[in-house]
Amino acid sequence: DNNIFTGTIPACLGNITYLIDLQLSSNDLEGTIPDQLGDLHQLRYLRLANNNLTGQLPPNCAYLESLLWLDISNNPFNHTLEGLCRPVFMLPNLMYLNLANTSTHGSLIYSSFWNDDIFGAGGYVFPNLIHLDMHHNLLEGSLPRIISWWSRIIDIDISNNRWEGALPDSIQQFPEVDVSLNPGLYDSDG
């Protein structure tokens, strides 16, 4: 972190097969995340926050089955949630996901989170997530009831977006919830 690195993330980092923790946050890195990072099968922590990264998570990230922590916040990815994160949707061990201030846009639609063709029958995304931060993005529409599928989440921050409509009752299951600065949201109880 804070090494004043510039340029792109070197693809050769994918050759360090026993790498467990990759921290490249708070630098001046730009461009896309190289697909070769998906070759880091032992990687548990990937921190790329506070750079100028664009594009999306590369398809090979679907093979990061040891990944526990993913922080790509404060980068101008400018993608839908599905477009940005599809490769990591089903990672079995992912517990921490920070997508704050990534210009993620669009709505949370059912097909993004449940698709038998992609995940097989009964498959849904982020099965073991305990922390989700998507604040300060351009996410819009109503909050679907499917967020209740994330039953392990302890902390969820979806503040400062463009959500609207009634808060689903299932939002109360999360111990820590921030839905502030979403003027179109209202509590269904009045």
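It should be noted that the structure appears before, not after, this text.
Residues numbered from 1 in each chain as written. Predicted model: local features only at pLDDT ≥ 70, side-chain atom pairs only at ≥ 80, totals over all residues. Heavy atoms only, no water.

**Student:** Explain the pattern of salt bridges to me, and be specific about the residues and the numbers.
**Tutor:** Summed over the entire model, instances satisfying the criterion amount to two salt bridges. The closest approach of N and O atoms between Arg47 and Asp21, which form a salt bridge, is 3.5 Å. Of the two residues, Arg47 is situated in strand 4 (residues 45-47) and Asp21 in strand 2 (residues 21-23); the sequence distance between them amounts to 26 residues. Relative accessible area serves as the criterion here: at 18%, Arg47 is assigned to the buried category. Given the relative accessible area of 31%, Asp21 is considered partly exposed. (Salt bridge = Lys/Arg side-chain N within 4 Å of Asp/Glu carboxyl O. Helix = DSSP H or I, 4+ residues; strand = E, 2+ residues; numbered from the N terminus. Buried < 20%, exposed > 50% of the residue type's maximum accessible area, 1.4 Å probe, protein only.)

**Student:** Account for the environment of Gly165, naming residues and giving values.
**Tutor:** Within the secondary structure, Gly165 sits in strand 12 (residues 162-167). Taking the C-alpha atoms as reference points, Gly165 and Pro183, 18 residues apart in sequence, are found 9.5 Å from one another. Not counting chain neighbours up to four residues away, the residues in contact with Gly165 comprise Gly184, Leu185 and Tyr186. (Contact = heavy atoms within 4.5 Å.)

**Student:** Requested: an account of the sheet that holds strand 3 (residues 28-31), with residues and values cited.
**Tutor:** Spatially, three strands are ordered 1-3-5 in an open sheet, and the strand pairing comes out parallel. The open sheet has two free edges, formed respectively by strand 1 (6-7) and strand 5 (52-53), since each of these has just one partner strand. (Pairing = 2+ DSSP bridges.)

**Student:** Residue-level account of the side chain of Ser73, with values.
**Tutor:** Counting through the fold element by element, Ser73 comes out in the loop between strand 6 (69-71) and helix 1 (81-85). Side chain to side chain, Ser73 and Asp71 meet in a polar contact 2.7 Å long. Beyond its immediate sequence surroundings of up to four residues, Ser73 is in contact with Ala49, Asn50, Asn98, Leu99, Ala100 and Thr102. (Polar contact = N/O pair within 3.5 Å; in protein donor to acceptor, adjacent residues only side chain to side chain.)

**Student:** Now, about the packing of aromatic side chains: what can you tell me, with residues and values included?
**Tutor:** One pass over the full model with this rule turns up two aromatic pairs. Note on Trp69 and Tyr96: the rings are 3.6 Å apart at their centroids and 10° apart in plane angle, and the pair reads as stacked. Of this pair, Trp69 sits in strand 6 while Tyr96 sits in strand 7 (residues 96-98), and the two are 27 residues apart along the sequence. On the basis of relative accessibility, which here comes to 27%, the residue Trp69 falls in the partly exposed class. Residue classification places Tyr96 among the buried positions, given a relative accessible area of 16%. An aromatic cluster is defined as three or more aromatic residues linked by ring pairs; in this entry it consists of Tyr45, Trp69 and Tyr96. (Phe/Tyr/Trp six-rings, centres within 6.5 Å; stacked < 30°, edge-to-face > 60°.)

**Student:** Describe the environment of Pro168, listing the residues and the values that go with them.
**Tutor:** Tracing the backbone shows Pro168 in the loop between strand 12 and strand 13 (176-178). For the pair Pro168 and Leu143, spaced 25 residues apart in the sequence, the C-alpha separation amounts to 6.8 Å.

**Student:** Could you give an account of the sheet that holds strand 4, naming the residues involved and the relevant values?
**Tutor:** The sheet built from seven strands is open, its strands ordered 2-4-6-7-9-11-13 with parallel pairing. Sheet topology places strand 2 and strand 13 at the edges, where each strand pairs with a single neighbour. Across this sheet, the average inter-strand angle for adjacent strands is 5°, counted without regard to direction. Strand direction decides the pairing type here: strand 11 (residues 155-157) and strand 13, joined by three bridges, are parallel. Residue pairing in the sheet places Ile156 in a bridge with Val177 of strand 13. (Axes fitted to C-alpha atoms, helices over the stretch in contact; angles between N-to-C directions.)

**Student:** With reference to specific residues and values, describe the pairing of strand 3.
**Tutor:** Examined bridge by bridge, strand 1 and strand 3 share two bridges and lie parallel to one another. Within strand 3, the position partnered with Thr6 by the bridge is Asp28.

**Student:** For the nonpolar core, give the residues involved together with the corresponding values.
**Tutor:** For soluble globular proteins, the rule of thumb is that nonpolar side chains tend to be buried together. Counting 47 residues, the largest nonpolar core has Leu70 and Phe126 as the members making the most contacts within it. When contributions to this core are tallied by element, the ones reaching two or more residues are helix 1 and strand 12. Tallying contributions element by element places helix 1 first for this core, with three residues. Not counting the four nearest positions on each side in its chain, Phe126 is found in contact with Val88, Phe89, Leu94, Leu97 and Trp150. (Core = buried A, V, L, I, M, F, W, Y, C linked by side-chain atoms within 4.5 Å.)

In short, shape yes, function no, at least from these values alone.
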